[in-house]
Amino acid sequence: MSDAQNSGQEAPAAPVKPPMREALIAAAFDLFLKRGFEQTTVDDIVAQAGVGRRSFFRYFPSKEDVVFPDHERCLKDMTAFLDASADTDDPVLRACDAARLVMRMYAENPTFSVERYRLTKQVPGLRVYELSVVRSYERTLASYLRDRFTVRGDGSLRAEVIAAAVVAAHNHGLRAWLRTDGRGDAAEMVGSALDYVAGAWTSGQSPGAAGPEEEDDVVVVITKRHTPMWRVVREVEAGLQGE
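For this particular structure, what's the right way to read the overall build of the protein?
Secondary structure summary: the protein contains eleven helices and zero strands in total. Taking all 243 residues of the protein together, 38% fall into the buried category. Excluding contacts between residues fewer than 6 apart, the proportion of contacts in the protein whose partners are at least 24 apart in sequence is 68%. Carbon and sulfur atoms form 52% of the exposed surface of the protein, whose accessible area is close to 14300 Å².

Quick look at the structure:
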């Protein structure tokens, strides 16, 4: 029996070890920052984490994946968010809100996000990997928007352009926040950039639309009383294009 038990006091609890996945991430970043990404091997990471190589590859397919451990989950969250959209949701605003999910992921751990930003700037291979991650988000947004703009003749083009604009605006605001070392307001910086996109694309008129001096058209749309406004606008636009 310990002295603590003899004195009637509880022995201090043993420190809780982080889950294996988090331990691997922590070990990897500690080594990346000390030695450099290129100079650190998977064997180095597992040795520091105190686990075997199999444990590493159970969680991460490659060394690059440990730098972006949360994007797969975030992409699933974004997809579920878009799939849960109601008919009354404006597609562009919904896409912008989906991008805010990514911003919140970064803002959950500013220190880690800033370290990753600095590391990615230094390693060309990580920049290429990051571009593939960004493209995954863009494809997910474009797929959602394409379904909403299917009635339009330019629906596919519009979906691709708006998705690219949403991602570009999000990344612009995010990088501005990261350059403050995570001390700024991520929601405000990203939000103001996304508002710029929303303002450009939720009016129902795309860039290059007919000017006031061109001949006016009259379009009659017959629809149900409770049809979402975005759907009415979409049908009007389709009619103006002669579809």
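How should I be thinking about helix α10 (residues 186-201) in this particular structure?
Each turn of an α-helix holds 3.6 residues, which means side chains three or four residues apart point in the same direction. With 16 residues, α10 extends 23 Å between its outermost C-alpha atoms, agreeing within 8% with the 22 Å of an ideal straight helix rising 1.5 Å per residue. Along α10, the residues that are buried comprise Ala186, Val190, Gly191, Ala193, Leu194, Val197, Ala198 and Trp201. For α10, the secondary structure elements touched by its buried residues are α6 (91-108) and α9 (155-178). The residue sitting at the N-terminus of α10 and contributing the capping side-chain oxygen is Asp185; that oxygen lies 3.1 Å from the backbone nitrogen of Ala187.

Explain the environment of Ala187 to me, please; I cannot follow it from the model alone.
On the secondary structure map, Ala187 appears in helix α10. The class of Ala187 is partly exposed, set by a relative accessible area of 44%.

Would you explain the pattern of salt bridges in this entry?
On inspection of all chains with the given rule, the structure shows 16 salt bridges. Linking Asp43 and Arg53 is a salt bridge whose minimum nitrogen-to-oxygen distance equals 2.8 Å. With Asp43 in helix α3 (residues 42-49) and Arg53 in helix α4 (residues 53-59), the pair connects residues that are ten residues apart, well separated along the chain. Overall, the relative accessible area of 42% leaves Arg53 in the partly exposed class. Asp154 serves as the salt-bridge partner of Arg152, at 2.5 Å between the closest nitrogen and oxygen. On the accessibility criterion, Arg152 (6% relative accessible area) is buried. Judged by relative accessible area, which is 23%, Asp154 ranks as partly exposed. Members of the salt-bridge network, linked through shared partners, are Arg73, Asp77 and Glu108.

Would you mind going over the packing of aromatic side chains with me for this structure?
Here the distance between the centres and the angle between the planes together describe a pair of aromatic rings. Throughout the structure, instances matching the rule amount to seven aromatic pairs. When the ring of Phe29 is compared with that of Phe32, the centres are 5.8 Å apart and the planes differ by 65°; the resulting orientation is edge-to-face. One end of the pair, Phe29, and the other, Phe32, are both in helix α2 (residues 20-35), three residues apart, so they sit about a helical turn from each other. According to the relative accessible area criterion, Phe32 is buried, its value standing at 2%. Judged by centre distance (5.2 Å) and plane angle (85°), the rings of Phe56 and Phe57 are edge-to-face. By relative accessible area, Phe56 is classed as buried at 0%. One residue, Lys63, lies across the ring of Phe37, its end atom 4.3 Å from the ring centre. The residue whose ring lies beneath Arg94 is Phe81, and the NZ or CZ to ring-centre distance is 3.6 Å.

For this particular structure, what's the right way to read helix α7 (residues 110-122)?
Helix length check: α7, at 13 residues, gives a terminal C-alpha distance of 19 Å against a target of 18 Å (1.5 Å per residue), a fit within 8%. Considered for burial, the residues of α7 that qualify are Phe112, Ser113, Val114, Arg116, Tyr117, Leu119 and Thr120. Along its buried surface, α7 packs onto α2, α5 (71-83), α6, α8 (124-148) and α9.

Hey, could you run me through the confidence of the model for the protein in this one?
Close reading of the predicted structure is inappropriate where its pLDDT is low. Residues at a pLDDT of 70 or more form 76% of the protein, whose mean pLDDT is 85. Per-element confidence in the protein ranges from a low mean pLDDT of 50 for helix α1 (residues 3-6) to a high of 97 for α6. For the stretch residues 204-215, pLDDT sits under 50, and the model shows nine contacts to residues farther than four places along the chain or on other chains.

Looking at this model, I keep getting lost on the side chain of Arg94. Mind explaining?
Tracing the chain through its elements places Arg94 in helix α6. Arg94 gets classed as buried once you look at its relative accessible area, which sits at 14%. Of the polar contacts made by the side chain of Arg94, one reaches the side chain of Ser85; its length is 2.9 Å. If sequence neighbours within four positions are ignored, Arg94 has contacts with Phe81, Leu82, Ala84, Ser85, Asp89 and Tyr144.

Reading guide: rules and limits
Every chain's residues receive numbers from 1 upward, in the order its sequence appears when written. In keeping with the model being predicted, local features are shown solely for residues with a pLDDT of at least 70 and side-chain atom pairs are shown and tallied solely at 80 or more, while totals for entire chains, interfaces and linings include all residues. Neither water nor hydrogens contribute to the side-chain values; these are computed over all heavy atoms in the structure. Numbered from the N terminus, helices here are DSSP runs of H or I no shorter than four residues, and strands are runs of E no shorter than two. Relative accessible area decides the class of each residue, using a 1.4 Å probe on protein chains only: under 20% of the type maximum gives buried, over 50% gives exposed, and in between gives partly exposed. In what follows, residue pairs with any heavy atoms lying within 4.5 Å of each other are defined as contacts. Every accessible area reported is derived by Shrake-Rupley at a probe size of 1.4 Å, with residue values counting cover from the shown protein chains alone. By this rule the span expected of a helix is its residue count minus one, scaled by 1.5 Å. N or O atoms closer than or at 3.5 Å make up a polar contact, with two conditions inside protein: a donor-capable atom paired with an acceptor-capable one, and, for residues adjacent in sequence, both atoms drawn from side chains. Whenever a carboxyl oxygen of Asp or Glu lies within 4 Å of a side-chain nitrogen of Lys or Arg, that contact is scored as a salt bridge. Pairs were defined over the aromatic rings of Phe, Tyr and Trp, the Trp ring being its six-membered one, requiring ring centres within 6.5 Å. Orientation was assigned from the angle between planes: stacked under 30 degrees, edge-to-face over 60, tilted for the rest. Placement of a positive charge over a ring is assigned whenever Lys NZ or Arg CZ falls within 6 Å of the ring centre and within 35 degrees of the normal to the ring plane. Each residue carries a pLDDT score, the predictor's own confidence in it, on a scale running from 0 to 100.

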